[in-house]
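Structural overview
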Amino acid sequence: MEYVSTRGGTRAVHFEGALFSGYAPDGGLFMPQRIPSLDRSTLQRWSSLSYPELVKELCSLFVPAELVPRNALNELIDRAFSRFRHKNVVHLSRLKDGLNVLELWHGVTYAFKDLSLSCTGQFLQYFLEKKQKHVNILVGTSGDTGSSAIESVRGQKNVDIFVLLPKGFCTQIQELQMTTVIEDNVHVFAAHGNSDEIDEPIKELFADVDFAGKYNLMSLNSVNWSRIMVQIAHYFYAYFQCTPSLDTTQLPMVEIVVPTGGGGNITAGCIAQKMGLPVRLITVVNSNDIIHRTVQHGDFSVAESVKATLASAMDIQEPYNMERILWLLSGSDSHLIKTLMEQFNISKRLKLPEDLHRKLSETLGSCSASDQDIVGAMQRCWEENQYLLCPHSAVAAHYHYSQPHSIPRCCLAPASAAKFQDALLRAGLVPQIPAAITALTAMETRSTPLERGQDWAQVLRGRIEAVAQQWEARTGKTTSSRKLKECDFQDLSPAIKHFEDKNPFV
């Protein structure tokens, strides 16, 4: 199994290369050169598997055994899920009116990113330990990305993570989930600026190719193939939980409704569908509706401004993983995708070719929801079930309540309602706060302030250099990217174009 760029301008890499690369050097995104096809007997065999077992089966199709032996892969995934609160890792709640909610938020930070990032952290450590090398992860966040990324690598000896949060722009819970992690390899910076302003020093460091290469900088945003790969399991598990039987002449269909921001999760659904899973996919968005307009009208164009909504993690303009979906539907036509994405990058407007739009609309249904719709879905779900939805899950529930269904339907729930107390209060509902979140307020915190007027990039450089020197002194090894290449890491410091991921539901 090799991975190629959606834009076709770089050589194929194996899983290790894709894991450490993020963006491909030509600006594209890595995708498997071949999508495995599953037959009916495999689906029937998998239908009784647990969620972790499904993750193992799926990852084994994309990670060759000669790279990671199957027993080692199984151990890494077991370790990744060992801290999840629910015994099944994920849980399906069957509610009134046919509303099935797949809770993907039982990880440490109560957000679905914990599922893919916990596995990605284990994969990183596996290769770094084999090569006895070190990487520095640099993350900008407005909340959930930072905490999930921290939890995925906390305490790991070959990884240091540097997280910038915009002071006052995160919720108290989100900030505490980062600042209360007291580990030698976790470095949190509380910047007195907004999310756009914290992007600038991160971009500056990655743009310094010599510095990024010397200190092995990498990002954990959702361009990373590893995160997409793990998320494919959501769809198989949802399908097997919701389908009445696999013994019919034709395998039954299940509709899966996916709250969508940057498009990583819905990309995983498209891959599952391509593998032969009989699912109908619905991508649901808030008032920032570029994906909805693309599905309905072929209009992949940025709006004049981002609208602030209750489902704040989906308040984005450029869902970069759409490039992966378009590549899949174009028959892996990298020349076409390169042309389209270069056009979009210049003008921020793109009209899909008619044939490609037709294939997209056949693959995905779509819906957008206003804040009023979100509040209404949260209220109705509580009134009928005494069940609290986060505002992002409520976007999916709004689709369910407004659209009749003749086949089983499953709504993916990306976060716990406990993380969005303001939205609950807006809906007139009473937040239910878990003890683990309440306890955060009494815990020790640690962060480095970044004041206005300081050179934030220089502060980061200094900390990264100091940490690298400490690692070299402790281990007697170098952090040089030249040494990494001698150990056959592929493209560890590629031409990364996006250096943060503010959106926990992508």
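Heads up: the structure comes first, above all this text.
Here the residue numbering is sequential within each chain, running from 1 through the sequence in written order. Restriction of local features to residues with pLDDT of at least 70 applies here, the model being predicted, together with a cutoff of 80 or more for giving and counting side-chain atom pairs; totals for whole chains, interfaces and linings are based on all residues. Side-chain descriptors were evaluated using all non-hydrogen atoms of the structure, hydrogens and water having been removed beforehand.

**Considering the layout of surface pockets**
- Within this scheme a cavity is a closed region of a 1 Å grid, computed over the protein atoms alone, that accommodates a 1.4 Å probe without allowing it to escape, whereas a pocket is open but has protein on both sides within 12 Å along at least five of seven lines; lining residues each have an atom within 4 Å of a point. Grid points are joined across faces, edges and corners, and a volume is the space filled by probe spheres set on the points. Approximately 320 Å³ is the volume attributed to the second largest pocket.
- Around the second largest pocket sit 19 residues that line it, and Arg-79, Arg-83, Gln-122, Glu-151 and Ser-152 are the ones nearest its centre.
- Secondary structure elements follow DSSP: runs of H or I of four or more residues count as helices, runs of E of two or more count as strands, with numbering from the N terminus. Elements with a minimum of two residues in the lining of the second largest pocket: helix H4 (70-80), helix H5 (113-131) and helix H6 (144-153).
- At 6 residues, H5 tops the list of elements feeding residues into the lining of the second largest pocket.
- Following the grouping adopted for this structure description, the nonpolar residues are Ala, Val, Leu, Ile, Met, Phe, Trp, Tyr, Cys and Pro, the charged ones are Asp, Glu, Lys and Arg, and the polar ones are all others, Gly among them. Partitioned by chemical class, the residues of the lining of the second largest pocket number 6 nonpolar, 7 polar and 6 charged.

**Quick word on unusual backbone geometry**
- Phi angles above zero are rare outside glycine, and Val-89 is one such case at about 75°.
- Summarising the element assignment, Val-89 is placed in the loop between H4 and strand S3 (91-94).

**Structural notes on the state of the cysteines**
- In this description, a disulfide is simply a cysteine sulfur pair whose atoms lie within 2.5 Å. This model, assessed by the stated rule, comprises 0 disulfides.
- Cys-59 takes part in no disulfide bond, and the closest cysteine sulfur, belonging to Cys-119, lies 6.1 Å away.

**Description of the sheet that holds strand S13 (residues 448-450)**
- An order of S8-S5-S6-S7-S13 is seen for the 5 strands of this open sheet, with the pairing classed as parallel. Of all the strands in the sheet, just strand S8 (217-218) and S13 have a single pairing partner and so form its edges.
- Two strands pair if DSSP finds at least two bridges between them. Pairing between strand S5 (residues 135-140) and strand S6 (residues 159-166): 6 bridges, direction parallel. Bridge pairing in S6 links Val-139 to Val-163.
- Whether two residues are in contact is decided by their heavy atoms, any of which lying within 4.5 Å being enough. Orientation is described by axes fitted as lines to C-alpha atoms, over the contacting stretch for helices, and by angles from 0 to 180 degrees between their N-to-C directions. Along the sheet, H6 contacts S5, S6 and strand S7 (186-191); its crossing angle with S6, the most-contacted strand, is approximately 165°.
- Contacts from helix H20 (residues 456-475) reach S5, S6, S7, S8 and S13 within the one sheet, and its direction differs from that of S7 by about 170°.

**Here's the deal with the nonpolar core**
- Among buried residues, the Ala, Val, Leu, Ile, Met, Phe, Trp, Tyr and Cys ones that are joined through side-chain atoms within 4.5 Å form a nonpolar core. Classification of residues uses two cut-offs on accessible area relative to the type maximum, computed with a 1.4 Å probe and protein chains only: under 20% is buried, over 50% is exposed, and between them is partly exposed. Trp-225 and Phe-236 are the most contacted members of the largest nonpolar core, which totals 111 residues.
- Looking at this core element by element, the count peaks at 13 residues for helix H10 (residues 225-242).
- Not counting residues within four places of it along the chain, the set of residues in contact with Trp-225 comprises Tyr-3, Phe-15, Ala-18, Phe-30, Met-31, Pro-32, Phe-62, Ile-232, Ile-271 and Arg-324.
- Membership of the second largest hydrophobic core comes to 36 residues, among which are Cys-367, Met-378, Tyr-387 and Ala-397.

**Regarding the environment of Leu-104**
- By the secondary structure assignment, Leu-104 is in the loop between strand S4 (100-103) and H5.
- Linking Leu-104 and Leu-352, residues 248 residues apart in sequence, is a C-alpha distance of 32 Å.
- Residues within four places of Leu-104 in sequence aside, it is in contact with Val-90, Ala-111, Phe-112, Leu-115, His-234, Leu-412 and Ala-413.

**Re the packing of aromatic side chains**
- Any pair of Phe, Tyr and Trp rings, taking the six-membered ring for Trp, is counted once the centres come within 6.5 Å. Such a pair is stacked with planes under 30 degrees apart, edge-to-face with planes over 60 apart, and tilted for the rest. A full pass over the atoms with the stated rule returns 15 aromatic pairs.
- Centroid distance Phe-15 to Phe-123: 5.7 Å. Interplanar angle 85°. Geometry classified as edge-to-face. Here Phe-15, found in helix H1 (residues 15-21), pairs with Phe-123, found in helix H5; they are 108 residues apart in sequence, far enough to count as distant. Exposure class is identical for Phe-15 and Phe-123. Each is buried.
- Seen in terms of ring centroids, Tyr-239 and Phe-240 are 5.7 Å apart; in terms of plane orientation they differ by 70°. Their pairing is edge-to-face. Across the pair, exposure class does not vary: Tyr-239 and Phe-240 are buried alike.
- Aromatic ring contacts, followed pair by pair, group Tyr-3, Phe-15, Phe-20, Phe-62, Phe-123, Tyr-126, Phe-127 and Trp-225 into a single cluster.
- Here, a charge over a ring is recorded when the distance from Lys NZ or Arg CZ to the ring centre is within 6 Å and its angle to the ring normal is within 35 degrees. Lying over the aromatic face of Tyr-110, Arg-85 brings its terminal NZ or CZ to 3.5 Å of the ring centre.
- Seen from the ring of Phe-211, Arg-461 lies directly overhead, with NZ or CZ sitting 5.0 Å from the centre.

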